[in-house]
Amino acid sequence: AQSVAQPEDQVNVAEGNPLTVKCTYSVSGNPYLFWYVQYPNRGLQFLLKYITGDNLVKGSYGFEAEFNKSQTSFHLKKPSALVSDSALYFCAVRDIGSGNTGKLIFGQGTTLQVKP
Amino acid sequence: KAGVTQTPRYLIKTRGQQVTLSCSPISGHRSVSWYQQTPGQGLQFLFEYFSETQRNKGNFPGRFSGRQFSNSRSEMNVSTLELGDSALYLCASSAETANTEAFFGQGTRLTVV
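Here's what I pulled together on the structure shown here. Along every chain, residues carry numbers that run from 1 in the direction the sequence is written. In the order they appear in the text, chains get letters beginning with A and ligands get numbers beginning with 1. The predicted origin of the model limits local features to residues at a pLDDT of at least 70 and limits the giving and counting of side-chain atom pairs to 80 or more, whereas totals for whole chains, interfaces and linings rest on all residues. Computation of side-chain values covers all heavy atoms of the structure but excludes hydrogens and water.

## A short note on the overall build of chain B
Secondary structure elements follow DSSP: runs of H or I no shorter than four residues count as helices, runs of E no shorter than two count as strands, and numbering proceeds from the N terminus. Helix and strand content of chain B: zero helices and eleven strands. Mapped from its N terminus to its C terminus, chain B presents α and β elements in the order β-β-β-β-β-β-β-β-β-β-β. Note on method: radius of gyration uses C-alpha positions; expected globular size equals 2.2 Å times residues raised to 0.38. Here the C-alpha atoms of chain B give a radius of gyration of 13 Å, agreeing with the 13 Å that 2.2 N^0.38 yields for 113 residues. Each principal axis of the C-alpha atoms in chain B carries an extent, and together these give about 40 × 25 × 25 Å.

What follows is the structure, encoded as structure tokens:
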């Protein structure tokens, strides 16, 4: 069964410092990986995805993620954090078993707190 | 392009009642998925519809059901509401291929009292 894990419930960083939000996955076959962000009482906003190709993926709002097949990880990064980056972040993998394309399996989420 | 629209945004229902939530996907998207988000369980997949057919179903009781119309709009229904059904219900639409991202609506906050 496919799964995603986000080992940290919360990550605290100072504004201007680099940030990393961790994600590991377990899939059979090639992974289709995604990062989403959620602000309070809102839906999820797409940040970036890895399907194939370069291991470093660039996304919205200055975020990027590094795909590491040997470590089965897909960590979200940003070189310089902003207070406005404070939100709940979800890593997800597309469940492509049996040809189904819609279902996403989410990690439990990581709260990012950026302090001024 | 208009985003995913969910209505209503907020609902308060009494235990035992039923509720219907609506989702209008992005134009051209034929896949609509529903998720339940709670503090304790996180984001859990309810079901996915594609071209009016349920293509996948999560591990929820039969009280949770859905449908999709020919214009791809989708509804989900929860019958005999329980307190534990209080959650944020999110709808997502995506294009046909697996390598495309899903776009989410703002969600419907359901409170069962």
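## Some points on the state of the cysteines
All names here are of chain A. Disulfides are defined in this document as cysteine sulfur pairs within 2.5 Å. In the structure shown here, the tally under the stated rule is two disulfides over all chains. Here Cys-23 is linked by a disulfide to Cys-91, with a sulfur-sulfur distance of 2.0 Å. Between Cys-23 and Cys-91, the disulfide has an S-S torsion of -60° and is therefore left-handed. Of this pair, Cys-23 sits in the loop between β3 (19–21) and β4 (24–26) while Cys-91 sits in strand β10 (residues 87–94); the two residues are 68 residues apart in sequence, bridging distant segments of the chain.

## As for the environment of A:Pro18
All names here are of chain A. As for its position among the elements, Pro-18 is in the loop between β2 (10–14) and β3. Pro-18 sits 61 residues away from Pro-79 along the chain, and the two C-alpha atoms are 4.3 Å apart. Those residues in contact with Pro-18 that sit more than four places away from it in its chain are Val-13, Lys-78, Pro-79 and Ser-80. Residues count as neighbours in contact if any of their non-hydrogen atoms are within 4.5 Å of one another.

## Digging into empty space enclosed by the protein
In this analysis, the protein atoms alone were mapped onto a 1 Å grid. Cavities are point sets where a 1.4 Å probe fits without being able to get out; pockets are open sets with protein on both sides within 12 Å along at least five of seven lines; lining residues have an atom within 4 Å of a point. Grid points are joined across faces, edges and corners, and a volume is the space filled by probe spheres set on the points. Tallying each qualifying case throughout the model produces one cavity of 30 Å³ or more. Its volume calculated, the largest cavity comes out at about 30 Å³. Contributing to the lining of the largest cavity are A:Asn41, B:Arg9, B:Tyr10, B:Leu88, B:Gln106, B:Gly107, B:Thr108 and B:Arg109. The nonpolar class holds Ala, Val, Leu, Ile, Met, Phe, Trp, Tyr, Cys and Pro. Asp, Glu, Lys and Arg form the charged class, and all remaining residues, Gly among them, are polar. For the lining of the largest cavity, the per-class residue count stands at two nonpolar, four polar and two charged.

## Considering the sheet that holds strand β7 (residues 64–68) of chain B
Residue and element names in this part refer to chain B. Strands sit in the order β1-β3-β8-β7 across an open sheet of four strands; the sheet is antiparallel. Each of the sheet's edge strands pairs with one partner strand only, and the pair in question is β1 (5–7) and β7. The average angle at which neighbouring strand axes cross in this sheet is 15°, direction not considered. DSSP bridges decide pairing: two strands pair if at least two such bridges lie between them. Bridge analysis of β1 against strand β3 (residues 19–24) gives three bridges, and the strand direction is antiparallel. Bridge pairing links Gln-6 to Cys-23 in β3. Note on method: axes are straight lines fitted to C-alpha atoms, helices fitted across the in-contact stretch only, with angles between N-to-C directions ranging 0 to 180 degrees.

## Re unusual backbone geometry
All names here are of chain B. Residue Pro-8 follows Thr-7 across a cis peptide bond; omega there is -10°. A positive phi angle is found at Glu-52, which is not glycine, with a value near 70°. For Glu-52, the position within the fold is in the loop between β5 (42–50) and β6 (53–57). Of note, Thr-80 is a non-glycine position whose phi angle comes to about 45°, a positive value. With respect to the secondary-structure elements, Thr-80 resides in the loop between β8 (74–78) and β9 (87–94).

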